[in-house]
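# Results of the structural survey
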Amino acid sequence: MSFWDVVWFIIISFAFVSYLMVLFSILGDLFRDRAMSGWVKAVWIIALIVFPFLSAFIYVVARGKSMTQRRVEEAAVMRKETDAYIREVAASTTPASSTDQIAQARKMLDEGVISQPEYDRLKAKALA
């Protein structure tokens, strides 16, 4: 195997992997698009199988802008869901207020779980 065979193999491999990335991006966009009917999606898929490079080029040129819009909208929805989840988790793990901590310590003192000096220490810590 010569040096140029290796270079040619690298170039062809790069082109093939690039085409696969574009193809999967197009297929993902086809299934993500709710405005397009199922028959039109089927025609695009058949075109991608029969005329792979030409149909991929036409799809990217004709629908590239709407592809980007759908991806941006999906990212915005995912970000909102993530932010809502973070807020929900953060709200459930916020430390109790000082009155809640003192009330809990008082309950433990009344039940005999902790002694008076321990209660005083917890009360002082909650008020600090």
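Here's a quick rundown of the structure. Worth saying up front: this structure is predicted, and the values here are computed from it rather than measured. (Residues numbered from 1 in each chain as written. Predicted model: local features only at pLDDT ≥ 70, side-chain atom pairs only at ≥ 80, totals over all residues. Heavy atoms only, no water.)

Tallying secondary structure elements over the chain gives five helices and zero strands in all. In the chain, the succession of α and β elements from N to C terminus is α-α-α-α-α. For 128 residues, the compact-globule estimate of 2.2 N^0.38 gives 14 Å, and the chain exceeds it by more than 25% at 31 Å. Contacts in the chain between residues far apart in sequence, at least 24 positions, make up 46% of those at least 6 positions apart. By element, 69% of the accessible surface of the chain is carried by carbon and sulfur atoms, the whole surface being about 10200 Å². Put simply, the chain has 15 plus and 13 minus side-chain charges, and the middle of one group is 6 Å from the middle of the other. (Helix = DSSP H or I, 4+ residues; strand = E, 2+ residues; numbered from the N terminus. Rg over C-alpha atoms; globule rule 2.2 N^0.38 Å. Contact = heavy atoms within 4.5 Å. Areas by Shrake-Rupley, 256 points an atom, 1.4 Å probe, with all protein chains shown as cover. Lys, Arg positive; Asp, Glu negative; His and termini not counted. Charge placed at Lys NZ, Arg CZ, Asp CG, Glu CD.)

All right, on to the side chain of Ser25 then. Mapped onto the secondary structure, Ser25 falls in helix H1 (residues 3-32). Reaching out from Ser25, the side chain makes a polar contact with the side chain of Arg71 at a distance of 3.3 Å. Contact partners of Ser25, with chain neighbours within four places excluded, come to Met67 and Arg71. (Polar contact = N/O pair within 3.5 Å; in protein donor to acceptor, adjacent residues only side chain to side chain.)

Residues spaced three or four apart along an α-helix point in a common direction, a consequence of the helix completing one turn every 3.6 residues. For helix H4 (residues 98-111), built from 14 residues, the straight-helix expectation of 20 Å at 1.5 Å per residue is met to within 8% by its first-to-last C-alpha distance of 20 Å. Within the span of H4, buried status applies to Ile102, Ala105 and Leu109. Down the axis, H4 shows its buried residues gathered within 65 degrees of arc, on one side only. Of the residues in H4, the exposed ones pointing more than 90 degrees away from the buried face are Thr99, Lys107, Asp110 and Glu111. Contacts made by the buried residues of H4 are with helix H5 (116-127). (Expected span 1.5 Å × (residues − 1). Buried < 20%, exposed > 50% of the residue type's maximum accessible area, 1.4 Å probe, protein only. Arc of directions from axis to C-beta.)

Attention shifts here to the environment of Arg34. With respect to the helices, strands and loops of the structure, Arg34 is situated in the loop between H1 and helix H2 (38-50). Residue classification places Arg34 among the exposed positions, given a relative accessible area of 81%. Counting along the chain gives 26 residues from Arg34 to Trp8, while the straight-line C-alpha distance between them is 41 Å.

By size, the foremost hydrophobic cluster in this structure holds 10 residues: Tyr19, Leu23, Ile26, Leu30, Met36, Trp44, Leu48, Ala56, Tyr59 and Met67. Within the residue set of this core, elements represented by two or more residues are H1, H2 and helix H3 (52-92). Among the nonpolar cores identified, the runner-up in size contains six residues, and Ile102, Ile114, Tyr119 and Ala126 belong to it. (Core = buried A, V, L, I, M, F, W, Y, C linked by side-chain atoms within 4.5 Å.)

A separate point is the pattern of salt bridges. Opposite charge on two side chains permits pairing when their charged atoms draw close. Under the criterion given, the structure shown has five salt bridges. Here Glu74 and Arg32 are joined by a salt bridge, their closest N and O atoms 2.8 Å apart. Here the residue Glu74 occupies a position in helix H3, and Arg32 occupies one in helix H1, the gap between them amounting to 42 residues. By relative accessible area, which is 28% here, Arg32 ends up partly exposed. Asp110 is the salt-bridge partner of Arg106, the closest N and O atoms lying 3.5 Å from each other. Separated by four residues within a single helix, Arg106 and Asp110 lie in helix H4, roughly one turn from each other. You can call Arg106 partly exposed: its relative accessible area is 39%. (Salt bridge = Lys/Arg side-chain N within 4 Å of Asp/Glu carboxyl O.)

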